[in-house]
Amino acid sequence: MSKPTRITNSIRALRFARGEMTQADLAQRIGVTRQTIIAIEQGRYSPSLEVAFQIARVFKVPLDEVFQYPDRESR
Amino acid sequence: MSYEEKGTWVYLVTSAGAYAVYLAIILGRVADTPVADVSYAAVLLWTAGASIVASIIGRTLVETVSPSDSRRGDVRDRDVSRFGEYASRWFLVAGAAAALVMAMAKVDYFWIANVIYLGFVLWAVAGSVLKLVAYRRGL
């Protein structure tokens, strides 16, 4: 399945680094559905800047540790 | 599958199903009655009303069988909904434009009402399909 966004993310790794936080737990903490977290993790949905900041705040890391936007050449 | 995605499936099935029933009844009447004399208004209103009721019942049944984590939509649901409504609006515009031209041409009410109804149904079906594609493949 082709991904509609070039934005990649480290949410899955960050969740596991935080004591295997579940998708449902992360979803509840930022006020979205679990399906939205799944879609973001799989690169099927680019979250708004506000949601992106909320996710970074949950993990207590800068935004660019959660989301990356690779150069076109490096794809 | 989120609550809103399930709701979109239910809406797609009920709106397409109700129109299929309407079409089957009306085509049966057109076969042996001149179009100008076909009684369509009551069937149209009943099938449109039944579609709304079926949609509510269907959504309740789906939630009973497969309960969602949450019944509140979120930012992604709103983005998907906006995308579907935006991309499918042309069916509604086309239906209204066709009805306008037909009214100016003094075409029979039967055809004008039916082209508007078809526009509504295509808008609903296309919008639902686009939303489901967005849910599955991403925005």
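Residues numbered from 1 in each chain as written. Chains lettered and ligands numbered in written order. Predicted model: local features only at pLDDT ≥ 70, side-chain atom pairs only at ≥ 80, totals over all residues. Heavy atoms only, no water.

So, the overall build of chain A
Short version of the rule: A run of DSSP states H or I qualifies as a helix once it reaches four residues; a run of E qualifies as a strand once it reaches two. Both are numbered from the N-terminal end. Relative accessibility decides the category of a residue: with a 1.4 Å probe and only protein chains considered, values under 20% of the type maximum give buried, values over 50% give exposed, and everything between is partly exposed. Contact criterion: two residues are considered in contact whenever any of their non-hydrogen atoms come within 4.5 Å of each other. Surface exposure here means Shrake-Rupley accessible area, sampled with a 1.4 Å probe, where a residue is shielded only by the protein chains that are shown. For the charge count, each Lys or Arg is scored as positive and each Asp or Glu as negative, with His and the chain ends excluded. Where a charge lies is defined by one atom per residue type: Lys uses NZ, Arg uses CZ, Asp uses CG and Glu uses CD.
A count of helices and strands for chain A gives five helices and two strands. The order of α-helices and β-strands along chain A, N terminus first, is β-α-α-α-α-α-β. With respect to the three principal axes, the spread of C-alpha positions in chain A is 35 × 25 × 20 Å. Here chain A holds 75 residues, and the buried ones make up 41% of them. Intrachain contacts of chain A at a sequence separation of at least 6 include 62% that bridge at least 24 residues. Carbon and sulfur atoms make up 50% of the accessible area of chain A, which totals about 4,600 Å². Seen as two clouds, the 12 positive and the 8 negative side-chain charges of chain A have centres 5 Å apart.

Some thoughts on the interface of chain A and chain B
Applicable threshold: Buried area is calculated as the accessible area (1.4 Å probe) missing from two parts once they are joined, with the contributions of both summed. Should a side-chain nitrogen of Lys or Arg be within 4 Å of a carboxyl oxygen of Asp or Glu, the pair is scored as a salt bridge.
Facing the 13 residues of chain A at the interface are 14 residues of chain B. Looking only at chain A, the three residues that lose the most surface to chain B are Gln35(A), Arg44(A) and Tyr45(A), adding up to 45% of its buried area. There are one salt bridge connecting chain A and chain B. In this structure, Asp69(B) engages Arg34(A) in a salt bridge whose closest nitrogen and oxygen atoms are separated by 2.9 Å. If you tally residues by element for the side of chain A that touches chain B, the top one is helix α3 (residues 34-41) of chain A, at four residues.

Observations regarding the confidence of the model for chain A
The condition is simple: Confidence of the prediction at every residue is given by pLDDT, a number between 0 and 100.
Per-chain confidence: chain A averages 89 in pLDDT, with 92% of residues scoring 70 or above. When mean pLDDT is compared element by element in chain A, helix α4 (residues 49-59) of chain A scores highest at 95, while strand β1 (residues 8-9) of chain A scores lowest at 92.

Some points on helix α3 (residues 75-104) of chain B
Short version of the rule: One less than the residue count of a helix, multiplied by 1.5 Å, gives the span that helix is expected to have. Polar contact criterion, stated in full: a pair of N or O atoms within 3.5 Å, where within protein one must be able to donate a hydrogen and the other to accept it, and residues adjacent in sequence count only if both atoms are side-chain atoms.
Here α3(B) contains 30 residues, and its C-alpha end-to-end distance of 43 Å stays within 8% of the 44 Å for a straight helix at 1.5 Å per residue. Those residues of α3(B) hidden inside the fold are in contact with α3 and α4 of chain A together with α1 (3-30) and α4 (109-137) of chain B. At the N-terminal end of α3(B), a side-chain oxygen is found 3.1 Å from the backbone nitrogen of Arg76(B), two or three residues along, and the residue is Asp74(B).

Observations concerning the nonpolar core
Applicable threshold: In these notes, a set of buried Ala, Val, Leu, Ile, Met, Phe, Trp, Tyr and Cys residues joined through side-chain atoms within 4.5 Å is what counts as a nonpolar core.
With 21 residues, the main nonpolar core has Ile11(A), Ile55(A), Phe59(A) and Val66(A) as its most contacted residues. Taken together, the elements giving at least two residues each to this core come down to α1 (11-17), α2 (23-30), α3 and α4 of chain A. Of all the elements, α4(A) adds the most residues to this core, at six residues. Not counting the four nearest positions on each side in its chain, Phe59(A) is found in contact with Ile11(A), Leu14(A), Arg15(A), Arg18(A), Met21(A) and Leu26(A). Membership of the second largest hydrophobic core comes to eleven residues, among which are Tyr22(B), Val38(B), Tyr40(B) and Val121(B).

Here's the deal with the packing of aromatic side chains
Residue and element names in this part refer to chain B. In plain terms, the rule: Think of it this way: a Phe, Tyr or Trp ring, Trp meaning its six-membered ring, pairs with another when their centres are within 6.5 Å, and the plane angle makes it stacked under 30 degrees, edge-to-face over 60, tilted otherwise.
The tally for this structure, following the rule as stated, stands at six aromatic pairs over all chains. With a centroid separation of 4.9 Å and an interplanar angle of 85°, the aromatic rings of Tyr 22 and Tyr 117 are classed as edge-to-face. Taken together, the residues Tyr 22 in helix α1 and Tyr 117 in helix α4 connect sequence positions 95 residues apart. As far as the burial class goes, Tyr 22 and Tyr 117 line up, both buried. Through successive ring pairs, a cluster of aromatic residues spans Tyr 19, Tyr 22 and Tyr 117.

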